[in-house]
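Architecture and fold: a report
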Amino acid sequence: DQQVKQNSPSLSVQEGRISILNCDYTNSMFDYFLWYKKYPAEGPTFLISISSIKDKNEDGRFTVFLNKSAKHLSLHIVPSQPGDSAVYFCAASFYTPLVFGKGTRLSVIA
Amino acid sequence: EAQVTQNPRYLITVTGKKLTVTCSQNMNHEYMSWYRQDPGLGLRQIYYSMNVEVTDKGDVPEGYKVSRKEKRNFPLILESPSPNQTSLYFCASRTGQNTGELFFGEGSRLTVL
């Protein structure tokens, strides 16, 4: 049973526009959520996180929104830049090892 | 520089030939973990360790072994590799806190013929 789902395998966005990456989870006990970014031939790197006591966390161009009732979180990137082209993984935990989604490949087109 | 170091980065081997992928971190992290990444399957956890001499199975532990004799090292052992273990492997570490950021190594691409 997949506890963290990223239903869009890929997404293409024009440079300067908003990128919205979505993630759904099934375990209501999850209380900490993270987004990781991965470039080819590199390990994933931490991007932004949010605790379940918040519904929004912002860091520069990146904002994560959490909707606990819908068990849904999203990552907004504004404005999108070509360097943002990567695979983005959503992850969640509750006193357990992180559970990752399958990832969404974002392509930002110049 | 804080980092997680894996070796080898690339390896081609044959079925049944034992191999070890080393992982070392210099951040004094309690928690270490191994993941494999496969197309369409994302990152799946193989084994993890909460501290020295404490290891637990992740989602896909079959065919793998690990050990945690020292805090900084967490080697992944394939006693008898098979072609279905051809994958991209990542080691990661973080502090003991559940909310700590997970730091990843650069990955080890393994091909088993």
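Look up: the structure comes first, before these words.
The paragraphs below set out a description of the structure included in this document. (Residues numbered from 1 in each chain as written. Chains lettered and ligands numbered in written order. Predicted model: local features only at pLDDT ≥ 70, side-chain atom pairs only at ≥ 80, totals over all residues. Heavy atoms only, no water.)

1. Topic: the environment of leucine 11 of chain A
All names here are of chain A. With respect to the element layout, leucine 11 can be found in strand 2 (residues 10-14). Between the C-alpha atoms of leucine 11 and leucine 21, which are 10 residues apart in sequence, the distance is 8.1 Å. Setting aside anything within four residues of it in sequence, one finds leucine 11 in contact with Ile20, Leu21, Thr104, Arg105, Leu106 and Ser107. (Helix = DSSP H or I, 4+ residues; strand = E, 2+ residues; numbered from the N terminus. Contact = heavy atoms within 4.5 Å.)

2. Re the interface of chain A and chain B
Counting from both sides, the interface comprises 19 residues of chain A and, opposite them, 20 residues of chain B. Between chain A and chain B lies a buried interface of about 1,500 Å² when both sides are counted; carbon and sulfur atoms form 60% of it. Taken together, the links from chain A to chain B amount to 0 salt bridges. The tally of links between chain A and chain B comes to 1 residue pair in polar contact (both at pLDDT 80 or more). Contributions of two or more residues to the side of chain A that touches chain B are made by strand 4 (32-38) and strand 9 (86-93) of chain A. Examining the composition of the side of chain A that touches chain B, we find that 3 residues originate from one element, strand 4 of chain A, more than from any other. In terms of residue class, the side of chain A that touches chain B is made up of 11 nonpolar, 4 polar and 4 charged. (Buried area = accessible area lost by both parts, 1.4 Å probe. Salt bridge = Lys/Arg side-chain N within 4 Å of Asp/Glu carboxyl O. Polar contact = N/O pair within 3.5 Å; in protein donor to acceptor, adjacent residues only side chain to side chain. Nonpolar A, V, L, I, M, F, W, Y, C, P; charged D, E, K, R; others polar.)

3. Quick look at the packing of aromatic side chains
The tally for this structure, following the rule as stated, stands at 13 aromatic pairs over all chains. Each ring, one from tyrosine 64 of chain B and one from tyrosine 89 of chain B, has its centre 5.8 Å from the other, and the planes form 65°; the classification is edge-to-face. Remark: tyrosine 89 of chain B occurs in strand 9 (residues 87-94) and tyrosine 64 of chain B occurs in the loop between strand 6 (54-57) and strand 7 (65-66); sequence separation between them is 25 residues. Residue classification places tyrosine 64 of chain B among the buried positions, given a relative accessible area of 4%. With a relative accessible area of 1%, tyrosine 89 of chain B lands in the buried category. Following the ring pairs from residue to residue traces out a cluster consisting of Tyr36, Phe46, Phe89 and Phe100 of chain A together with Tyr35, Phe90 and Phe104 of chain B. Its guanidinium or amino end placed over the ring of tyrosine 31 of chain B, arginine 94 of chain B lies 4.0 Å from that ring's centre, counting from NZ or CZ. (Phe/Tyr/Trp six-rings, centres within 6.5 Å; stacked < 30°, edge-to-face > 60°. Buried < 20%, exposed > 50% of the residue type's maximum accessible area, 1.4 Å probe, protein only. Lys NZ or Arg CZ within 6 Å of the ring centre and 35° of its normal.)

4. Things to note about the sheet that holds strand 7 of chain B
All names here are of chain B. Strand order in the open sheet formed by 4 strands is 1-3-8-7, with antiparallel pairing between adjacent strands. Pairing within the sheet leaves two strands with one partner each, and these edge strands are strand 1 (4-7) and strand 7. Bridging between strand 7 and strand 8 (residues 76-78) involves 2 bridges; their strand directions are antiparallel. Paired with lysine 65 across the bridge in strand 8 is isoleucine 77. (Pairing = 2+ DSSP bridges.)

5. Side note on the pairing of strand 8 (residues 72-77) of chain A
All names here are of chain A. Most of strand 8 sits inside the fold, with 5 of its 6 residues counted as buried. Pairing of strand 3 (residues 19-25) with strand 8 involves 6 bridges; the strand directions are antiparallel. Along strand 8, the bridge assignment pairs cysteine 23 with leucine 73. As paired strands, strand 7 (residues 62-67) and strand 8 are joined by 6 bridges and run antiparallel to one another. Across the sheet, valine 64 pairs through a bridge with leucine 75, a residue of strand 8. Linkage of strand 7 to strand 8, two consecutive antiparallel strands, is achieved through a turn of 4 residues, within which lysine 71 is found at a positive phi near 50°.

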